[in-house]
Structures are given as structure tokens and as C-alpha cells.
Amino acid sequence: AQGVCLEAYLSGDEGVMATFLVQQGTLHRGDTIVCGAAFGRVRAMYNDLGRPIDKAGPSVPVRITGLDEVPN
């Protein structure tokens, strides 16, 4: 999958939370992601309503956890 990171912040409960907008392909839970200098695996993925999901297709905004640091 390919997309854009809209925002990212550090959450006390789950670590780094980042909001992505998938542009091409499908993002699955467990995929490896790179965002600037930050990298990691998608540990958890939530839709815009905050419900857990396993995959996200094009034009779907998702909130993910699993990055090693907060990207710029």
C-alpha cells in the first residue's frame, strides 16, 4: 500500500499513533510501514469511527500503531 501520513502523536496508552490516508493498494495489519525516518509494523489499525479493522483500501483514513518514533 502507499499513502500519506496526515498526523502523528505519542499516546500514553498505545505508543505512537499515526493517521494515514491510503492512496493505492491495501494496507493490512502486520504490514511493514515507513514514514520519513520512522518505521515499524502495523500492530493495530482503527477506522475513522475508532473500530478495529484488519485492512484498509484506497481513500480510507486509518489510525495505526506500531511506529518506533513520532515522524515529522
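Residues numbered from 1 in each chain as written. Predicted model: local features only at pLDDT ≥ 70, side-chain atom pairs only at ≥ 80, totals over all residues. Heavy atoms only, no water.

Chemist: I'm lost on the environment of Asp31 in this one. Help?
Modeler: Mapping Asp31 onto the fold places it in the loop between β3 (27-28) and β4 (32-35). A distance of 2.9 Å separates the side chain of Asp31 from the backbone nitrogen of His28, its partner in a polar contact. (Helix = DSSP H or I, 4+ residues; strand = E, 2+ residues; numbered from the N terminus. Polar contact = N/O pair within 3.5 Å; in protein donor to acceptor, adjacent residues only side chain to side chain.)

Chemist: Quick question: what am I supposed to make of the pairing of β4 here?
Modeler: Every other side chain in a regular strand lies on the same face of the sheet, so the side chains alternate between the two faces. Going residue by residue along β4, you find Ile33 and Cys35 tucked away on one face and Thr32 and Val34 left uncovered on the opposite face. With four bridges connecting them, β4 and strand β5 (residues 38-46) associate as antiparallel partners. Paired with Cys35 across the strands is Ala38, a residue of β5. (Buried < 20%, exposed > 50% of the residue type's maximum accessible area, 1.4 Å probe, protein only. Pairing = 2+ DSSP bridges.)

Chemist: Which parts of the structure should I look at to understand unusual backbone geometry?
Modeler: Backbone phi values are negative for most residues with the exception of glycine, while trans is the configuration of most peptide bonds. Of note in the backbone geometry, Ser59 takes a positive phi value of approximately 65° without being a glycine. Turning to its location among the elements, Ser59 is positioned in the loop between β6 (55-56) and β7 (61-67).

Chemist: Explain the nonpolar core here, please?
Modeler: Note that soluble globular proteins tend to have their nonpolar side chains buried in a common cluster. One finds Phe20, Leu27, Ile33, Met45, Val62, Ile64 and Leu67 to be the most contacted residues of the largest nonpolar core, which totals 15 residues. Elements represented by at least two residues in this core include exactly β2 (15-24), β4, β5 and β7. When residues of this core are assigned to their parent elements, the largest contribution, four residues, is made by β2. (Core = buried A, V, L, I, M, F, W, Y, C linked by side-chain atoms within 4.5 Å.)

Chemist: How do you make sense of the pairing of strand β1 (residues 2-11) when you look at a structure like this?
Modeler: Bridge count between β1 and β2: nine bridges; the pairing is antiparallel. When the sheet's bridge partners are listed, Glu7 is paired in β2 with Thr19. Between β1 and β2, which follow one another and run antiparallel, lie three residues.

Chemist: Just to check I follow, could you spell out the environment of Arg43 for this structure?
Modeler: Mapped onto the elements, Arg43 comes out in strand β5. Exposure remark for Arg43: the relative accessible area of 57% places this residue in the exposed category. Along the primary structure Arg43 and Arg29 are separated by 14 residues, whereas in three dimensions their C-alpha atoms are 6.3 Å apart. Excluding anything up to four places from it in sequence, Arg43 contacts Arg29, Thr65 and Gly66. (Contact = heavy atoms within 4.5 Å.)

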